Each structure stands twice: as C-alpha cells, then as structure tokens.
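# A structural walkthrough
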Amino acid sequence: MVDHVEIFEVGPRDGLQNEPKPITTEAKIALVDLLSQAGFGRIEVASFVSPKWVPQMAGSAEVLAGITRVPGISYAALTPNMKGFEGALAAKADEIAIFGSASEGFSKSNLNATRAEALARFAPVAEAAKAAGIPVRGYVSCVTDCPFDGAVAPEDVSKAVASMRDLGCYEVSLGDTLGRGTPERVDAMLTAVLRELDASKLAGHFHDTAGRALDNIDVSLARGLRVFDAAVGGLGGCPYAPGAAGNVATERVARHVAALGYQTGLDLSVIDKAAELARGMRHV
Ligand code: HMG
Ligand code: MG
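Keep in mind it's a predicted model, so treat the numbers as computed, not measured. (Residues numbered from 1 in each chain as written. Chains lettered and ligands numbered in written order. Predicted model: local features only at pLDDT ≥ 70, side-chain atom pairs only at ≥ 80, totals over all residues. Heavy atoms only, no water.)

Taken as a whole and judged by the stated rule, the model has 17 salt bridges. Here Arg 42 makes a salt bridge to Glu 171, at a shortest N to O gap of 3.1 Å. With Arg 42 in strand S2 (residues 42-47) and Glu 171 in strand S8 (residues 171-176), this residue pair connects regions lying 129 residues apart in the sequence. Its relative accessible area of 8% is what places Arg 42 among the buried residues. The residue Asp 215 makes a salt bridge to Arg 212 at a minimum N-O spacing of 2.9 Å. Within this structure, Glu 6, Arg 42, Arg 137, Glu 171 and Asp 229 form a network of salt bridges that share partners. (Salt bridge = Lys/Arg side-chain N within 4 Å of Asp/Glu carboxyl O. Helix = DSSP H or I, 4+ residues; strand = E, 2+ residues; numbered from the N terminus. Buried < 20%, exposed > 50% of the residue type's maximum accessible area, 1.4 Å probe, protein only.)

So, in structure tokens, the structure goes:
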C-alpha cells in the first residue's frame, strides 16, 4: 500500500510575514496562484493579525480576493482573535488557524497574552467558526524550545495540544518555532503529545535554523505523522521569535519524503518555480 504524506504549504504566510521590505499584493497573489498549480490540498495565504504587529500581512483580505481559487484547495488564514476571525470570514478564507504557545514567554511576546488569556480569546473564535462551518486548525508553538523561556517540557506541549483539541481543532500543528529542536527531543515531545491526540490529527511544523528539520520530520514519520508544514524557498520565521530562521523548504521536504517512498501528489517542477519566485520576492 502506498503511504501518503501531505505538505501543507505555508510559504505565502509564514514565509513572507517576516520579510522586512513590503511585498506587493500582486506579487503575493502571483505566488499563491503558482502554488495552486502544484497539487497542494491546503495553502496558508493570509493572516488577520494586527498590522501594527505584522505589517507584511496587512493586505491579507486583498490577497484572498485576488487569487484564482482552484476547487479542492483550502485557502487558510491565521486568526488570533474575533477581529481576525471577522476579517477571515469576510474574505472567505476556507479554513482558519488559531495559534497558541506551549511556553509562556513566547505567548506574551507573540500575542501580548498569557497562555490562559490566549485560550480565552480563541474560544469564541472556535465557536464562531463552528457556527459558520469553517474548519479550525490549531498551532502550538515552541514545542521544544522557547526564545525566552529556554527548553520546553513535553508536558507543557501536550497540555497545549489538549487545549486545542478541546477547542475543536481538526488538526494541531506542532511548531518548532525556533528551529533548534533535535530528533531526540522531538521524539520525547511526541511521546507526551500522542497521549492526548492521535498522529492522524497532528502535523509537524519545523523551522530549520539548526538544519535538523528533515531529521525531525523522520522522527515524526516514525511516530505516524503524515502532514508537514513547509514554505517554498525555505523562507520565513516569526518576527516575535528572535533568532528563528525560515520554515523547512517545501522542495526539500517533497524530495526527502519521495526518496523514502511516500507519495505527495506534488508537481516538483511547479514547486521549484514557486521557490525561485519566493526567493526573488525577498530582495525586491
Ligand atoms: P494587542 O495590542 O494586545 O491587541 O495585540 P488589542 O486587542 O489591544 O488591539 C490593539 C490594536 O490592534 C487595536 O487597534 C486593534 O483594533 C488592533 P488600534 O485601536 O490600536 O488602532 N487589532 C487588530 N487589527 C487587525 N486584526 C486583528 C486585530 N486584533 C487587534 N486581528 C494581537 C494582540 C493578537 C492583535 C497581536 O499580538 C497580534 O496581532 N499578534 C500576532 C503576531 C503574529 O502574527 N505572529 C506571527 C504568526 S505566529 C507564527 O508565526 C508561529 C507559527 O508559524 C507556528 C510556529 O512556527 O511555531 C504559526
Ligand atoms: Mg512558523
């Protein structure tokens, strides 16, 4: 039986959000439209966060309005609170993501809220999304390390994952935000997390600061995870995680898992073109 791996393309959001120079809406739309031809089932294209906090994502509604939607692709948006949810709903995002942290330091830095305060803000978002029939994905950041608090205990991660599950998230993406996780520590984290949620409802989201992202994907594959977030061209990082590099590159993950015998359904020639386009957008 052929085993499938899904890559959830996050380049237009996680890849671009950290770019200091403004990127035009047209350029963002062109990137999404090219990615829509690559065979992805889900692409994260927007982020309805405060434009004061992440100026690069300010044009998210225009991006969602301007892209050519390919039937069958879910175009996703981040929503930290009700204001963000209302923006995503108006812009017709197909799914939304709430994003919390396993560590207190990053929660405060990224959301200006403690972990408990952030969960309280997510609850009405999850409820409103359910009422509107919009699927909600959950992110848990800092699953091994926090830029402010240091090493994160696996139990803190499993607790955060359980909270996302209880809010009704259909899938929880485990973010190595800093990109310094080692396979051993990712494995220990997964031991704790898998007590709360089945591997079929988990995704891996590895930034690649220390060059271990593919090793961390291997460990996750061995634990049964089959969904991985990645960004074309390896762009990205979080403006509120100092020292973090980009997401693991989609083109590398796609080739890596194909070499291991997994099917991705992706057209690598399109992805390579999109990676070139994305890298070019960095320095315009
Ligand atoms: P705050 O300052 O505490 O919010 O920020 P507030 O409610 O006091 O509002 C302040 C101002 O922001 C107000 O405007 C609000 O209207 C506005 P003002 O009256 O000053 O003109 N505002 C908004 N505007 C647009 N959309 C909204 C929104 N909410 C408030 N949704 C807040 C709290 C959550 C807004 C802020 O902390 C924020 O935007 N944080 C987002 C940070 C972010 O986007 N980080 C990157 C994404 S996370 C990530 O990259 C990690 C991930 O990839 C996984 C991983 O790698 O681990 C997902
Ligand atoms: Mg990220």
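Counting across every chain of the model gives 1 aromatic pair. Geometrically, the ring pair formed by Trp 53 and Tyr 240 is tilted, given 5.0 Å between the ring centres and 45 degrees between the ring planes. With Trp 53 in the loop between S2 and helix H3 (60-66) and Tyr 240 in the loop between strand S10 (227-230) and helix H10 (250-259), this pair connects stretches of sequence that are 187 residues apart. Exposure remark for Trp 53: the relative accessible area of 31% places this residue in the partly exposed category. The positively charged end of Arg 137 is found above the aromatic ring belonging to Tyr 139, 5.4 Å away from the centroid. (Phe/Tyr/Trp six-rings, centres within 6.5 Å; stacked < 30°, edge-to-face > 60°. Lys NZ or Arg CZ within 6 Å of the ring centre and 35° of its normal.)

Restricting attention to buried positions, one finds in H10 the residues Thr 250, Glu 251, Val 253, Ala 254, His 256 and Val 257. In this structure, the buried residues of H10 make contact with strand S1 (6-9), helix H9 (213-222), S10 and helix H11 (268-281). Directly beyond the C-terminal end of H10, a positive phi value near 100 degrees is found at Gly 261. (Contact = heavy atoms within 4.5 Å.)

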